[in-house]
Amino acid sequence: MHHLARHCVACFLTRGDLFVHWERGRDVFERLLIDADWAINNGNWLWLSCSSFFYQYNRIYSPTSFGKKYDPNGDYIRHFLPVLKDMPRQYIYEPWSAPLSIQTKANCIIGKDYPKPVVLHDSASKECKRKMGEAYALSKELDGVVNEDDLKILRRKLDEGKEQETKAKRSRNTSGLA
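Quick caveat: nothing in here was measured; it's all calculated off a predicted structure.

Calculation criteria
- Residues numbered from 1 in each chain as written.
- Predicted model: local features only at pLDDT ≥ 70, side-chain atom pairs only at ≥ 80, totals over all residues.
- Heavy atoms only, no water.
- 1 Å grid on protein atoms, 1.4 Å probe; cavity = no way out; pocket = protein on both sides within 12 Å on 5 of 7 lines; lining within 4 Å.
- Points joined across faces, edges and corners; volume = space filled by probe spheres on them.
- Helix = DSSP H or I, 4+ residues; strand = E, 2+ residues; numbered from the N terminus.
- Nonpolar A, V, L, I, M, F, W, Y, C, P; charged D, E, K, R; others polar.
- Axes fitted to C-alpha atoms, helices over the stretch in contact; angles between N-to-C directions.
- Parallel < 35°, antiparallel > 145°, perpendicular 65-115°, else oblique.
- Left-handed = near helix turned anticlockwise from the far one by under 90°.
- Contact = heavy atoms within 4.5 Å.
- UniProt positions renumbered as here; feature names shortened; annotations may be inferred.
- Buried < 20%, exposed > 50% of the residue type's maximum accessible area, 1.4 Å probe, protein only.
- Lys, Arg positive; Asp, Glu negative; His and termini not counted.
- Salt bridge = Lys/Arg side-chain N within 4 Å of Asp/Glu carboxyl O.
- Polar contact = N/O pair within 3.5 Å; in protein donor to acceptor, adjacent residues only side chain to side chain.
- Patch = residues over 30% accessible without salt bridge, like charges linked within 9 Å, V, L, I, M, F, W, Y side chains within 5 Å.
- Areas by Shrake-Rupley, 256 points an atom, 1.4 Å probe, with all protein chains shown as cover.
- Core = buried A, V, L, I, M, F, W, Y, C linked by side-chain atoms within 4.5 Å.

A. A look at the layout of surface pockets. Its boundaries defined by the atoms lining it, the largest pocket holds a volume of some 1,300 Å³. If you go around the largest pocket, you meet 33 residues; those closest to its centre are C8, V9, P63, I77 and Y114. Mapped by element, the contributors of at least two residues to the lining of the largest pocket are α1 (3-16), α4 (65-70), α5 (75-80) and α7 (121-141). Top element by residues in the lining of the largest pocket is α1. It accounts for five residues. Partitioned by chemical class, the residues of the lining of the largest pocket number 24 nonpolar, four polar and five charged.

B. Spotlight on the packing of α1 against helix α3 (residues 38-48). Where α1 contacts α3, the axes come no closer than 9 Å and their chain directions differ by 55°. By the angle class used here, α1 and α3 are oblique. Classified by chirality, the crossing of α3 by α1 is right-handed. Across the interface between the two elements, H7, A10, L13, T14 and R15 from α1 touch W45, W47 and L48 from α3. Among the residues making up the contact of α1 with α3, the classes are represented as five nonpolar, two polar and one charged.

C. The UniProt feature "binding site: FAD" (unreviewed entry) in the protein, seen in detail. As annotated by UniProt and renumbered to match this structure, "binding site: FAD" (unreviewed entry) occupies D35, A36 and D37. Its location among the elements puts A36 in the loop between α2 (22-32) and α3. The class of A36 is partly exposed, set by a relative accessible area of 32%. Apart from the residues lying within four places of it in its own chain, the contact partners of A36 are F29 and E30. Within the secondary structure, D37 sits in the loop between α2 and α3.

D. The arrangement of the side chain of D71 in detail. Considering the arrangement of structural elements, one finds D71 in the loop between α4 and α5. R78 provides the closest opposite charge to the buried, unpaired D71, separated from it by 7.3 Å. A distance of 2.8 Å separates a polar side-chain atom of D71 from the backbone nitrogen of Y76.

E. A nonpolar patch on the surface, seen in detail. Nonpolar side chains collect at one region of the surface, where M1, V9, Y76, F80 and L81 lie side by side and expose about 460 Å² of accessible area between them. Examined against the element boundaries, F80 turns out to sit in helix α5. Residue F80 is classed as exposed on the basis of its relative accessible area of 54%.

F. Local environment of the nonpolar core. In terms of nonpolar packing, the biggest core is built from eleven residues, these being I77, L84, M87, Y91, I92, Y93, A98, A106, C108, I110 and Y114. Once you skip the residues sitting within four places of it in the chain, Y114 turns out to touch L81, V83, L84, P95, C108 and I109. Core analysis: the next-biggest nonpolar cluster, separate from the first, contains seven residues, A10, F29, W45 and L48 among them.

Below, the structure written as structure tokens:
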């Protein structure tokens, strides 16, 4: 797996979209990569999750624009995801945006032959940035010395933010704005 693809995956899983702990991704890479190296794997996951070494958590790889920039024809995707091999170039990185007629012609119906997106990148990355900002602000406020009680307070604060976001979504859904 190319190192830039590894970066994109690590960012998506951790600080970019899903906010999953970096060790979960590290463990999968350790198990599945044929060139896995314990030190490099751990260092990369710490760095790319912004858990250590790298503090610019607001710089997030986009799962779609990243591929468009480095592989505009989608050759990598077509090779490793044959179900998308006939998807037109303009939809290869966002096949769910293709009209049904194009999905049918490409023999790839989203939700049947290929999954729907796990998250919406724009909203997920904003939420991750907010959470990372809260964590970095706490670390700065406490001069990097964070104890278990501080982490409990931060978790509670992040959970409250998530509850407020859920309530706002429900409100938009019931008012017909979503």
